[in-house]
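Coordinate analysis (summary)
The residues making up each chain are set out below.
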Protein chains: 2
Amino acid sequence: MKERERGRMEERGAMVSNKQVVLRDYVSGFPTVEDMEVRRGEMKLEIPRGSKAVVVKNLYLSCDAYMRLLMNRTTTDLLTPYTPGSPISGFGVAKIVDSGSPKFKVGDLVWGTTGWEEYSLITNPEGLSKIEHTDVPLSYYIGILGIPGMTSYVGFYKVCSAKKGDTVFISAASGAIGQIVGQFAKLTGCYVVGCAGSKEKVDLLKSKFGFDDAFNYKEERELAAALKRYFPEGIDIYFDNVGGEMLDAVLVNMRAHGRITLCGMVSQYSSDSPVGVTNLMHAIYKRVRIEGFAIADHMNEYSKFLEFMLPHIREGKIVYIEDIAEGFENGPSALVRIFNGRNVGKQLVVLARE
Amino acid sequence: MKERERGRMEERGAMVSNKQVVLRDYVSGFPTVEDMEVRRGEMKLEIPRGSKAVVVKNLYLSCDAYMRLLMNRTTTDLLTPYTPGSPISGFGVAKIVDSGSPKFKVGDLVWGTTGWEEYSLITNPEGLSKIEHTDVPLSYYIGILGIPGMTSYVGFYKVCSAKKGDTVFISAASGAIGQIVGQFAKLTGCYVVGCAGSKEKVDLLKSKFGFDDAFNYKEERELAAALKRYFPEGIDIYFDNVGGEMLDAVLVNMRAHGRITLCGMVSQYSSDSPVGVTNLMHAIYKRVRIEGFAIADHMNEYSKFLEFMLPHIREGKIVYIEDIAEGFENGPSALVRIFNGRNVGKQLVVLARE
């Protein structure tokens, strides 16, 4: 009976209650749940007459490190800050409830940028992708089959020019991206070591994702010395998710003609005074290529990526660990978890399973 | 008569006096002339019997920034430190006085690594190159036709993937490498701005080398703001000869998909506490490729490079300014000049003109 009511409520044209996660103000330092509030509004499940918009019901919301940068006042080439007082946005999996777009019909499942709210009106749905394969968990489309997956794929194979025999180091290795990159490295025949911030995560890297070795960076007094222990001959590829001190320690441990992919710098996002990298001279000694990339530039390769990933997932050759928060009220705390490293695997929030 | 005596003295088998520049001890901070001494020794102008060595008379000695790194105790992939108490080494132009190498005969002119001394015994002459074209100044083979030229060529065209319309920034722009890169940029149809450390050099950049603009970095309080003035739309290519603060200021001014060539970091060579680079996050925002390179990896392109450069030099399409110290005794002070920026153009020492 309750299910049927919900079903009715989501019909096109219905007026529904709509909870939203709103940013109170720009954030300085580490974000806390107090920086956000859950607000209850109302919404009509109907697109403006004649528009090409869609209305979606949000099912899964992704918690990603870059979202911290949107809590700053600063606009960059890639990032437009959140607006205090308005709902935050991020990647999500959603279901079409009303559509003026020829691309989507009611009932379609999609993934892409959406609001942190139960229902969203998306005025420009061009950025949404229809989900065609539903034999894998839907949540994978904001993880291993979404931006983190694409980022791992492009960053490792293309930006790092990875090849068999390379020695690979990954920071934040059990996170949304690191765990995928590590498995790519093993598939490619590389030697791969990851670092993470707890014993549980380090164990996971070795037992679940097949890393050759792993260490807890919090237990190392000298990062450069720790790296030297795991890579006595040096590092060919560093997939950098954290920046700062770890990047500096890696630079002195690079091998000739090494590649460093700058994917993210989560260690720096909540800091007002970023750590200076002092060892860039080693990039000359070792002829290292350091490259920043933005996945938005590579989305034309998404279908090739999907074709590559789906069989690996179906055959269990690549696994994915998610840290799932249940229910809208747990959204802010789930997002905050990734900045203090409490999450184990890809952090996401489930609002509804369909 | 004096000339004839000298001529005789240099005959194979003669015992000659041989002045040398010797490093007293490892250097900390900026090098001074007191860190070196000119010592007089003796040498027999003859290779060991049956060896493949050569004995050369040194004509021109090159003063290069990397030599400061060899005054440190630290060995790196690329660099083996000088030995205190022994003569320092560097690139030079020389004449073969005796030869056991099938590659060289007495009287040949060569360039390559030699000692800072009047005569050198070079036990492994494989690294020397015979000078075939003598219609250009011989000293060019330690400048525009030697390592600085090759470094400019590979760094600009290959590492930076330079193309018409790119906006190019060059630090230490009037130095041995910068002046060549700037002229390559103009030949390629780029917009190019250089910085240097005096009014004289800035004027030279604009009047002699055809830079579109130039500034004295010592007169700028905010390097990032200065760069914004010259590159309101951002920088496509930064040819970095200095590292440190300037690199940090450039990072926030890069354009999407920009390239930074790490060629040298002279601002850091004499410092015990290198300046930390804090703006690497902008390499992600702007998808920047930062690449260190070592010219030793690219020497197979030398003849292609020579074929490209010689006509440009002969036709006056590329010019080269040298700062020439006369005589062996002025060697140490000439070398020190490049670390306090007193040189204008490529610094070298002439021992003999042939």
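Residues numbered from 1 in each chain as written. Chains lettered and ligands numbered in written order. Predicted model: local features only at pLDDT ≥ 70, side-chain atom pairs only at ≥ 80, totals over all residues. Heavy atoms only, no water.

**Some points on the overall build of chain A**
Applicable threshold: In this description a helix means any DSSP run of H or I spanning at least four residues, a strand means any run of E spanning at least two, and both kinds are numbered starting from the N terminus. We compute the radius of gyration over the C-alpha atoms and compare it with the globule rule, which gives 2.2 Å times the number of residues raised to the power 0.38. Residue exposure (1.4 Å probe, protein chains only): buried if accessible area is under 20% of the type maximum, exposed if over 50%, otherwise partly exposed. Any two residues whose heavy atoms approach within 4.5 Å are treated as being in contact. The positive count covers Lys and Arg only, the negative count covers Asp and Glu only, and His and the chain ends enter neither. Charge coordinates come from a single atom per side chain, which is NZ of Lys, CZ of Arg, CG of Asp or CD of Glu.
Helices and strands together make up the secondary structure of chain A, namely 10 helices and 15 strands. Against the 2.2 N^0.38 benchmark of 20 Å for 354 residues, chain A shows a C-alpha radius of gyration of 21 Å, consistent with a compact globule. Overall, the C-alpha framework of chain A stretches about 65 × 45 × 35 Å when taken along its three principal axes. For chain A, the proportion of its 354 residues judged to be buried stands at 59%. Across chain A, contacts joining residues at least 24 apart in sequence account for 69% of those joining residues at least 6 apart. Chain A carries 43 positive and 43 negative side-chain charges, and their two centres are separated by 2 Å.

**Quick notes on the packing of aromatic side chains**
The condition is simple: Here the aromatic set is Phe, Tyr and Trp, taking the six-membered ring for Trp, and pairing holds for ring centres within 6.5 Å; pairs whose planes are under 30 degrees apart are stacked, those over 60 apart are edge-to-face, and all others are tilted.
Taken as a whole and assessed by the stated rule, the structure comprises 36 aromatic pairs over all chains. Ring centres 5.9 Å apart and planes at 5° place the aromatic pair A:Phe169 and A:Phe215 in the stacked group. With A:Phe169 in strand S8 (residues 167-170) and A:Phe215 in strand S10 (residues 213-216), this residue pair connects regions lying 46 residues apart in the sequence. On the basis of an interplanar angle of 85° and a centroid distance of 5.8 Å, the ring pair of B:Tyr191 and B:Phe231 is categorised as edge-to-face. Of this pair, B:Tyr191 sits in strand S9 (residues 191-196) while B:Phe231 is found in the loop between helix H5 (223-230) and strand S11 (235-240), placing the two residues 40 residues apart along the sequence. Here a set of aromatic residues connected by ring pairs shows up, and it is made of A:Tyr66, A:Phe91, A:Trp111, A:Tyr153, A:Phe156, A:Tyr157, A:Phe184, A:Tyr302, A:Phe305 and A:Phe308.

**Notes on the sheet that holds strand S13 (residues 289-292) of chain B**
The test is simple: Strands are labelled as partners when DSSP assigns at least two bridges between them. Each axis is a line fitted through C-alpha atoms, taken for helices only over the stretch in contact, and angles between the N-to-C directions span 0 to 180 degrees.
On the basis of which strands lie adjacent, the open sheet formed by 12 strands has the order S10(A)-S9(A)-S8(A)-S11(A)-S12(A)-S13(A)-S13(B)-S12(B)-S11(B)-S8(B)-S9(B)-S10(B) and mixed pairing. Where the open sheet ends on each side, the last strands, each with one partner, are S10 of chain A together with strand S10 (213-216) of chain B. Adjacent strand axes in the sheet meet at a mean angle of 15°, parallel and antiparallel pairs treated alike. Bridge count for strand S8 (residues 167-170) of chain B against S9(B) is 4 bridges, and the pairing is parallel. Residue pairing across strands places B:Val168 opposite B:Val192, the latter belonging to S9(B). Across the sheet, helix H3 (residues 178-188) of chain B is in contact with S8, S9 and S11 of chain B; its angle to S8(B) comes to roughly 170°.

**Structural notes on the domain arrangement of chain A**
Residue and element names in this part refer to chain A. Let me state the cut-off plainly: Start and end points for every domain follow an automatic or database-based domain assignment. By buried area we mean the combined loss of accessible area, with a 1.4 Å probe, across both parts when two parts are placed together. Criterion for a salt bridge: a side-chain nitrogen of Lys or Arg within 4 Å of a carboxyl oxygen of Asp or Glu. Whenever two N or O atoms come within 3.5 Å, that pair is a polar contact, provided that in protein one can donate a hydrogen and the other can accept it, and provided that, for residues adjacent in sequence, both atoms are side-chain atoms. Classification convention: Asp, Glu, Lys, Arg as charged; Ala, Val, Leu, Ile, Met, Phe, Trp, Tyr, Cys, Pro as nonpolar; all other residues, Gly among them, as polar.
We note that the domain assignment places domain 1 (2-143 + 321-350) and domain 2 (147-296) within chain A. Contact residues are listed per partner, giving 21 residues for domain 1 and 15 residues for domain 2. Around 1,500 Å² of area is buried between domain 1 and domain 2 when both sides are counted, 66% of it from carbon and sulfur atoms. It is Gly143, Ile321 and Val344 in domain 1 that bury the most area against domain 2; as a group they hold 31% of the surface buried on that side. For the pair domain 1 and domain 2, the number of links is 0 salt bridges. Applying the counting criterion to the domain 1 and domain 2 interface returns 5 residue pairs in polar contact (both at pLDDT 80 or more). Each residue belonging to the side of domain 1 that touches domain 2 can be placed in one class, and the counts come to 12 nonpolar, 6 polar and 3 charged.

**Considering the packing of helix H2 (residues 147-159) of chain B against H3(B)**
All names here are of chain B. Using the following cut-off: Every angle not falling under 35 degrees, over 145, or within 65 to 115 is termed oblique; those three ranges are roughly parallel, roughly antiparallel and roughly perpendicular. Take the far helix as the reference: if the near one is turned anticlockwise from it by less than a right angle, the crossing is left-handed, and if turned clockwise, right-handed.
Look at H2 against H3: their axes get within 9 Å of each other, and the N-to-C directions meet at 45°. Our classification of the angle between H2 and H3 gives oblique. Taken as a pair, H2 and H3 cross one another with a handedness that is right-handed. Contacts from Pro148, Gly149, Ser152, Tyr153, Phe156 and Tyr157 of H2 reach H3 at Ile180, Val181, Phe184, Ala185 and Thr188. Per-class residue counts for the contact of H2 with H3 are 8 nonpolar, 3 polar and no charged.

**Let's talk about the pattern of salt bridges**
All names here are of chain B. The tally for this structure, following the rule as stated, stands at 42 salt bridges over all chains. In this structure, Asp166 and Arg259 form a salt bridge, with 2.9 Å as the shortest nitrogen-oxygen distance. Taken as a pair, Asp166 in the loop between H2 and S8 and Arg259 in strand S12 (residues 254-262) lie far apart in primary sequence, 93 residues in all. Given the relative accessible area of 9%, Arg259 is considered buried. Asp203 is the salt-bridge partner of Lys199, the closest N and O atoms lying 2.8 Å from each other. Taken as a pair, Lys199 and Asp203 lie in helix H4 (residues 199-207) at a separation of 4 residues, close to a single helical turn. For Asp203, a relative accessible area of 33% puts it in the partly exposed group.

**Examining the interface of chain B and chain A**
With 33 residues of chain B at the interface, the matching set in chain A holds 33 residues. Across the interface of chain B and chain A, roughly 2,700 Å² is buried in total on both sides, 68% from carbon and sulfur atoms. Contact with chain A buries surface across chain B, with B:Ile284, B:Tyr285 and B:Arg287 losing the most and accounting together for 23% of the total. Our enumeration of links across chain B and chain A arrives at 2 salt bridges. For B:Arg287, the salt bridge identified is with A:Asp297, shortest N-O distance 2.7 Å.

**What to know about the nonpolar core**
Here is the rule we go by: Throughout this description, the term nonpolar core refers to a set of buried Ala, Val, Leu, Ile, Met, Phe, Trp, Tyr and Cys residues connected via side-chain atoms within 4.5 Å.
Counting residues in hydrophobic clusters, the biggest one holds 104 residues, and the most contacted among them are A:Phe169 and B:Phe169. Ignoring any residue separated from it by four or fewer positions in sequence, one finds A:Phe169 in contact with A:Val193, A:Gly194, A:Cys195, A:Phe215, A:Leu227, A:Phe231, A:Ile235, A:Ile237, A:Tyr238, A:Phe239, A:Met246 and A:Val250.

**Let's talk about the relation of the copies chain B and chain A**
Heads up, the condition is: Copy-to-copy superposition: least squares on the C-alpha atoms, limited to residues that have pLDDT of at least 70 in both copies.
Superposition record for chain B on chain A: RMSD 0.0 Å, screw rotation 180°, translation along axis 0.0 Å. The transformation relating the two chain copies, once decomposed into turn and shift, fits a two-fold axis. Scanning chain B for the C-alpha nearest the rotation axis identifies B:Gly276, at a separation of 1.9 Å. Interface overlap between copies: 100% of the residues of chain B at the interface are likewise at the interface in chain A, consistent with a symmetric, same-surface contact.

**Quick word on the UniProt feature "domain: Enoyl reductase (ER)" (unreviewed entry) in chain A**
What counts, and what does not: UniProt positions are given in the numbering used here, feature names are shortened, and annotations may be inferred rather than shown by experiment.
If you check UniProt for "domain: Enoyl reductase (ER)" (unreviewed entry), the listed places come out as residues 54-349 of chain A in our numbering. Structurally, residues 54-349 of chain A is divided into 26% helix and 25% strand, and its ends, taken at the C-alpha atoms, are 22 Å apart.

**Concerning the confidence of the model for chain A**
Quick note on the threshold: One number per residue, pLDDT, summarises how confident the predictor is, and it ranges from 0 to 100.
In the predicted model, chain A carries a mean pLDDT of 94, and the fraction of residues at 70 or more is 97%. Counting interchain partners and residues more than four positions distant, the pLDDT-below-50 stretch residues 1-5 of chain A has 0 contacts.

**Topic: H2(B)**
Residues and elements named next belong to chain B. As a reminder, the rule being used: To estimate the expected span of a helix, count its residues, drop one, and scale the result by 1.5 Å.
End to end, H2 covers just 16 Å across 13 residues, shorter than the expected 18 Å (1.5 Å per residue, more than 12% under). The buried fraction of H2 is high, at 11 of 13 residues. Immediately beyond the C-terminal end of H2, within one or two residues, lies Ser161, with a positive phi of roughly 45°.

**As for unusual backbone geometry**
With phi around 65°, A:His257 is a residue other than glycine that occupies positive phi space. Residue position: A:His257 is located in strand S12 (residues 254-262). The phi angle at B:Ala172 is positive, at roughly 50°, despite the residue not being glycine. Checked against the element boundaries, B:Ala172 lands in the loop between S8 and H3.

**Quick look at the pairing of strand S1 (residues 15-23) of chain A**
Residue and element names in this part refer to chain A. Extensive coverage of S1 is indicated by the burial of 7 of its 9 residues. As defined by bridge partners, S1 adjoins strand S2 (residues 36-44) across 9 bridges and the pair is classed as antiparallel. If you follow Ser17 over to S2, its bridge partner there is Glu42.

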